[in-house]
Amino acid sequence: MRTMKILVTGGGGFLGQALCRGLRERGHEVVSFNRGQYPALHALGVQQRQGDLADAAAVAEAATGCDAVFHNAAKAGAWGSYDSYHRANVLGTGHVIAACRTHGIGRLVYTSTPSVTHRATRPVAGGTAEDVPYGEDLKAPYAATKLIAEKAVLAANDATLATVALRPRLIWGVGDNQLLPRLVERAKSGRLRLVGGGEKVIDTTYVDNAAQAHFDAFDHLAPGAACAGRAYFISNGEPRTLRETINALLSAAGAPAVDKSLPFAAAYAIGAVAETLWPLLRLAGEPPMTRFLAEQLATTHWYSMAPARRDFGYVPKVSMDEGLRRLRDAWQSASPS
């Protein structure tokens, strides 16, 4: 494949840095659109453009001269106003699509989320984007706005702009400064709880596999391609119980295992109360539980990789055990001796 100039939105984040690193390794010129500046991107030789996704002019300027876009930036998390999520995830995605039209960019790879298919406590076992419908009554603004954005990306697919949406499930691995550090802090303080015994089966995605799926889709993406205008679940393809998954991650980080659990009804009630108290009392940070999170933790959710393998050859290269080994080595090397 010829060398290209590629825009990565959110290149400073966990997955974003993996995307930038992989694209640079493949010989591409990379521009990252971020809210801040990141030394790690500078070290990779990535050009950085600062701005907000809600600023259409800034997005268009960052895309100038680019051949393709990896739209990875989003407002994530479990808490915040709907408007803040809408500005970043819906308006921002619209601005990315508009920038592609303005500059004649022909390929757009969008990072979505399985949360767009959330349907309360209805389990999914081995489902695909072809048979798992979009969610209903999405209580979390992140999921609700990502659903709108994914639909917009797929609707934009046409003869001049080929688009694809990838839904990586629970990304983890070396370099994560969000999910695992929070789990470790709560485990060490004794505040971490499973929901419903932690026996529901879920799948996850090692960060290098999530990036690989993006590259595989990009390599196959073109107007009329099998993957154009479609969404795909992405994971390691190794579903395990929530208890096993969380405790394996905690063990890799040298943190104590979690064995205490809350019944789903109690977790859901706590989430409802927290969602009322946090804005009322103007409490800082995210609540420890929300109704959406309780539903996620108490429901089986794992997906089939068959469509991704069929349409763009995605096969996870890093197994769970290998990923955990890498994570353990990284945490041990970062710990004070």
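Residues numbered from 1 in each chain as written. Predicted model: local features only at pLDDT ≥ 70, side-chain atom pairs only at ≥ 80, totals over all residues. Heavy atoms only, no water.

> So, the overall build of the protein: which residues are in play, and what are the values?
Across its full length, the protein carries 12 helices and 15 strands. The globule rule puts the C-alpha radius of gyration for 337 residues at 20 Å, and the 19 Å found for the protein is close to it. In terms of its C-alpha atoms, the protein occupies a principal-axis envelope of roughly 55 × 45 × 40 Å. Within the protein, buried positions represent 52% of all 337 residues. In the protein, the proportion of contacts linking residues at least 24 apart, taken out of those at least 6 apart, comes to 76%. For the protein, the computed accessible surface area is about 14,400 Å², with 54% contributed by carbon and sulfur atoms. (Helix = DSSP H or I, 4+ residues; strand = E, 2+ residues; numbered from the N terminus. Rg over C-alpha atoms; globule rule 2.2 N^0.38 Å. Buried < 20%, exposed > 50% of the residue type's maximum accessible area, 1.4 Å probe, protein only. Contact = heavy atoms within 4.5 Å. Areas by Shrake-Rupley, 256 points an atom, 1.4 Å probe, with all protein chains shown as cover.)

> Could you give an account of the sheet that holds strand β7 (residues 162–168), naming the residues involved and the relevant values?
Read from one edge to the other, the open sheet built from seven strands follows the order β3-β2-β1-β4-β5-β7-β12, with strand pairing classed as parallel. Two strands lie at the open edges of the sheet, namely β3 (47–50) and β12 (230–234), each paired on one side alone. Taking the axes of each pair of neighbouring strands and ignoring which way they run, one obtains an average angle of 20° across the sheet. Contacts from helix α4 (residues 82–103) reach β1 (5–9), β4 (68–71) and β5 (107–111) within the one sheet, and its direction differs from that of β4 by about 170°. Lying on the sheet, helix α5 (residues 141–155) is in contact with β5, β7 and β12; it crosses β7 at an angle near 150°. (Pairing = 2+ DSSP bridges. Axes fitted to C-alpha atoms, helices over the stretch in contact; angles between N-to-C directions.)

> Report on helix α1 (residues 14–25), specifying residues and quantitative values.
Here α1 is 12 residues long and its end C-alpha atoms lie 17 Å apart, about the 16 Å a rise of 1.5 Å per residue gives. Looking only at α1, the buried set comprises Phe14, Leu15, Gly16, Ala18, Leu19, Cys20, Gly22 and Leu23. Positive backbone phi, approximately 90°, marks glycine 27, located one or two places after α1. (Expected span 1.5 Å × (residues − 1).)

> Describe in detail empty space enclosed by the protein, supporting the description with residues and values.
Inspection of every chain in the model, using the stated rule, returns two cavities of 30 Å³ or more. The computed volume of the largest cavity comes to approximately 40 Å³. Taken together, Thr128, Ala129, Glu130, Ala231, Tyr232, Phe233, Ser304, Pro307 and Ala308 make up the full set of residues lining the largest cavity. Residue assignment for the lining of the largest cavity shows that the elements contributing at least two residues are β12 and α11 (306–312). Element by element, the count of residues in the lining of the largest cavity is highest for β12, at three residues. Residue composition of the lining of the largest cavity, by class: six nonpolar, two polar and one charged. By volume, the second largest cavity amounts to about 30 Å³. If you trace the second largest cavity, you find it lined by Pro114, Ser115, Thr117, His118, Arg169, Gln296, His301 and Tyr303. (1 Å grid on protein atoms, 1.4 Å probe; cavity = no way out; pocket = protein on both sides within 12 Å on 5 of 7 lines; lining within 4 Å. Points joined across faces, edges and corners; volume = space filled by probe spheres on them. Nonpolar A, V, L, I, M, F, W, Y, C, P; charged D, E, K, R; others polar.)

None of this, on its own, says anything about what the molecule does.
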